[in-house]
Every structure is written in structure tokens, then in C-alpha cells.
Amino acid sequence: MDAFWIGVIGTSVIAYGLKFSGHSVPEKFLSHPLIKRINLLIPIALLSALVAVQSVTTKNSIVTDHRLVGLGAAIVALLLKASFPVVVLSAALTSALFYNFF
Amino acid sequence: MSRVSSPTFRDSLSVSFTVGAYGVAFGAAAVANGFSVLQSCLLSLLTFSGASQFAVIGVIGAGGSAISAIATASLLGIRNGLYGVLMTPILRVRGIKRLVAAHVTIDESTGVSLSQESRGVEAMRQGFWLTGFGVFIFWNLFTLAGALGAKAMGDPSAWGLDAAVPAAFLGLLWPRLKSSTDKLLAIIAAIFAVATTPFLPAGLPIIGTAVIAIIAGLRNVK
């Protein structure tokens, strides 16, 4: 099995385990204030890291290319309070234009 | 189940369709990151949690190991466990219904359910089930459409798919940035991840930022 399959199966099993645990473990464990606070911060760190890595790195090097232009378009869309699909589409479109014509 | 009140039905359906449609972005991004159409669809069927799904394809697509992909996705899935805690006393289900309820316990089903509070507990239950199943159906259909579409397109860069992935992450991140701590954490995490990419094995620069988040959480104890 390659990384893709292990990723698909492993993530699915743990994702379901986490969902089910909420319906079964005692409330006081998961609703501890510290767990709640850290749980709000972890997605911020991970998502931000994913944005950065997916925009300006390729394998093990830092690369600035058409993706960064697309990300710029996404930021503009978000600042204009665009909806999620518009944000993704404007990034894709801008990046594609830049990739194909520059 | 008693008759579903129309505002609850309308709320559930509109959320289901809008959110489900993001599945196109996921399906396309998964294929652009080297996943097969089958694998993309299985992620939507079995993991059924947007941020976690994007994380798996993001980490593995960047060359990360399966372990760091699973760890990153799982950290993003913890919140679904917290939603379960909120939903259990409202749903009051056992056996197979509880197993099904767990699978559709996500941001949207919990959010719609809680927003029906003024309409009573029965509306909260209906909001949960309608939104849970609604998002499930649309999310999976749209994932398939996006995956097949991306496969037909060929070179992901020519269509901007490689930029759509970070934009999708940014779209998920943006509404979470409320306090100045949130924003500072986001900036530090981004800098850390990029700066360590040339030195750490792929995947670690991402999962490593969870440690920064934990430190930030501990420091905030007043």
C-alpha cells in the first residue's frame, strides 16, 4: 500500500473515531477549557501552514510562481467578503492566466 | 419524526447545497495532488470532514509521509468530537442511529442544529439530520464531479488547480481569525512552515505548527 491509500484509510478511521468519541466519552473530558482553547488554535496554525506550504514551496525548496499570484487574488476576494467558491475560483483563474501567459 | 417546519427545512437545504458544492473544489484538488478518483471519493464518503480531507491531500501532495498526513488531518478532526459532546443530549439516540449520527457530526449539521434552538428541541434534531444527510449527499456527488473534471483537464497548473488548493485552505482559515492572537499565530505558523521546509522532511513543517498552537493555548491561561 502506498502513502495515498494509507492516508485515505488511516484518516477515515481516525476521523470516525474522533466523531464517535464525542458521542460516547464523558463530557467533562472533551469540554475541559484548556482542550477547547487549544482546539480553536490548532486549526489556525495547521491551515495557515498548509496555505503557506502549498503556495510557495515545491518538494523541499521555496519557490515563488503563479500559485502566489493566485493566492494574492484569493486574499483580495476575501477582503471583498467574497464567498468560498468565489475565493477559490478567483485564485484558480488568476493563477491559470499567469501560468499560461507569462 | 414529526412534520419538519419549513424554516428548518430551508436552512438545512440551503446549507447542504452551498457547502456540498465545495466538494467540487475538493475532488479537483485531490486529483491535482495525485489521488485517484476512487481515493478522492472514498475520502469524502468515509472521512467526511472537509478540513481534514484537504489536509490529507495537501500533506501527501506536498510529498509528506502518510503518518504526518494522518496526524494533521486528525488534529483538524478533533472539533467533530467536541460537536458530538454538544449533540448527544439533543439527539438522544442509541445503537445504529448513534453510529450514523457520529458520521454526520460535522461543522454544518451541528451549526444548523444549534441555530434552531428558538424553534425547540425537535427542530434542532431535524436540523441536524437534514443538514447531516444533505451535506453528505451533495458533498459526495460534487466530489465525484470535481475529481472527474480535474482528471479530464490534465495539467493542473494550466487550470489553476494548484492555486485553488491553498486558496481553499485560506478560505477555511479566514473566518477563524478573530483575535489578534489568532492572527499572530497564523503568521508565525506560516513563516515556520515555509522556513523549515528546506530542512525538515515534507509534512513535518505543517504538523510542527500544532506545537506552536499548543504553546499559544497554554500561555493564554489566565
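Conventions and cut-offs
- Residue numbering note: each chain is counted from 1, following its sequence as written.
- Think of it this way: whatever chain is written first is A, whatever ligand is written first is 1, and the rest follow in order.
- Only residues with pLDDT of 70 or above have their local features reported here, since the model is predicted, and side-chain atom pairs are shown and tallied only from 80 upward, although totals for entire chains, interfaces and linings are computed over all residues.
- Strands here mean DSSP runs of E at least two residues long; helices mean DSSP runs of H or I at least four residues long; both are numbered from the N terminus.
- Neighbour density around each residue's C-beta defines its exposure: 20 or more other C-beta atoms within 10 Å make it buried, 12 or fewer make it exposed, and counts between make it partly exposed, where C-beta atoms are placed from the backbone.
- Any residue pair is listed as a contact if its two C-beta atoms, each placed from the backbone, are within 7 Å.
- To define a nonpolar core, we join buried Ala, Val, Leu, Ile, Met, Phe, Trp, Tyr and Cys residues through C-beta atoms within 7 Å and take the resulting set.
- Following the grouping adopted for this structure description, the nonpolar residues are Ala, Val, Leu, Ile, Met, Phe, Trp, Tyr, Cys and Pro, the charged ones are Asp, Glu, Lys and Arg, and the polar ones are all others, Gly among them.
- Domain boundaries shown here were taken from an automatic or database domain assignment.
- Expected helix span is given by 1.5 Å per residue-to-residue step, counting one fewer step than there are residues.
- Note: pLDDT gives the predictor's confidence per residue, expressed from 0 to 100.

Q: Before we go on, may I ask you to explain the overall build of chain B in this structure?
A: When you go through chain B residue by residue, the secondary structure sums to 12 helices and zero strands. Expressed as lengths along the three principal axes of its C-alpha atoms, the size of chain B is roughly 60 × 55 × 30 Å. With 222 residues in all, chain B has 58% of them scored as buried. Put simply, of all contacts in chain B between residues at least 6 apart along the chain, 70% involve residues at least 24 apart.

Q: Quick question: what am I supposed to make of the nonpolar core here?
A: Side chains that are nonpolar tend, in soluble globular proteins, to be buried together. Core analysis: the largest hydrophobic core is formed by 110 residues, its most contacted members being Ala45(A), Leu46(A), Ala29(B) and Ala164(B). It is helix H3 (residues 33–56) of chain A that provides the largest number of residues to this core, a total of 13 residues. Once residues lying within four places of it in the same chain are set aside, the contact partners of Ala164(B) are Val88(A), Ala91(A), Ala92(A), Ala25(B), Ala28(B) and Ala29(B).

Q: Would you mind going over the interface of chain B and chain A with me for this structure?
A: How large an interface is tends to be reported as the accessible area lost when its parts come together. Tallying the contact residues gives 83 residues for chain B and 63 residues for chain A. Those elements that place two or more of their residues in the side of chain B that touches chain A are helix H3 (37–47), helix H4 (50–61), helix H5 (66–91), helix H6 (95–103), helix H9 (161–173), helix H10 (180–196), helix H11 (204–207) and helix H12 (209–219) of chain B. By residue number, the principal contributor to the side of chain B that touches chain A is H5(B), which donates 18 residues. The class makeup of the residues in the side of chain B that touches chain A is 54 nonpolar, 24 polar and five charged.

Q: Even after reading the chapter, I still don't get the domain arrangement of chain A, so can you show me in this structure?
A: For chain A, the assigned domains are domain 1 (1–25) and domain 2 (26–101). Here the C-alpha centre of domain 2 of chain A lies 23 Å away from the C-alpha centre of domain 1 of chain A.

Q: How should helix H5 (residues 84–101) of chain A be read in this particular structure?
A: Each α-helix winds once per 3.6 residues, and so residues spaced three or four apart point in a common direction. The end-to-end C-alpha distance of H5(A), which contains 18 residues, comes to 26 Å, matching closely the 26 Å that a straight helix rising 1.5 Å per residue would cover. Taken as a whole, H5(A) has its buried residues at Phe84(A), Val87(A), Val88(A), Ser90(A), Ala91(A), Ala92(A), Thr94(A), Ser95(A), Ala96(A), Phe98(A) and Tyr99(A).

Q: What is the right way to look at the environment of Ile137(B) in this model?
A: Residues and elements named next belong to chain B. Within the fold, Ile137 resides in helix H8 (residues 121–153). Overall, the presence of 13 C-beta atoms within 10 Å leaves Ile137 in the partly exposed class. The sequence separation of Ile137 and Ala190 amounts to 53 residues, and the corresponding C-alpha distance is 34 Å.

Q: How should the environment of Glu108(B) be read in this particular structure?
A: Residues and elements named next belong to chain B. With respect to the helices and strands, the residue Glu108 is situated in helix H7 (residues 107–115). Of the residues examined, Glu108 has 23 C-beta atoms within 10 Å and is grouped as buried. Separated by 93 residues in the primary sequence, Glu108 and Val15 have C-alpha atoms spaced 7.2 Å apart. Beyond its immediate sequence surroundings of up to four residues, Glu108 is in contact with Val15, Val19, Thr131 and Val135.

Q: Looking at this structure, how should I read the confidence of the model for chain A?
A: Counting all residues, the mean pLDDT for chain A is 90, and 97% of those residues have values of 70 or more. Per-element confidence in chain A ranges from a low mean pLDDT of 68 for helix H2 (residues 27–30) of chain A to a high of 97 for helix H4 (residues 66–79) of chain A.

Q: Looking at this structure, how should I read the domain arrangement of chain B?
A: Residue and element names in this part refer to chain B. Assigned domains of chain B: these are domain 1 (6–176) and domain 2 (178–222). Here domain 1 and domain 2 have C-alpha centroids that lie 24 Å from each other. Taken together, the contacts link 12 residues of domain 1 with nine residues of domain 2. Sort the elements by how many residues they give to the side of domain 1 that touches domain 2 and H5 lands first, with five residues. When grouped by side-chain class, the residues that make up the side of domain 1 that touches domain 2 number six nonpolar, five polar and one charged.

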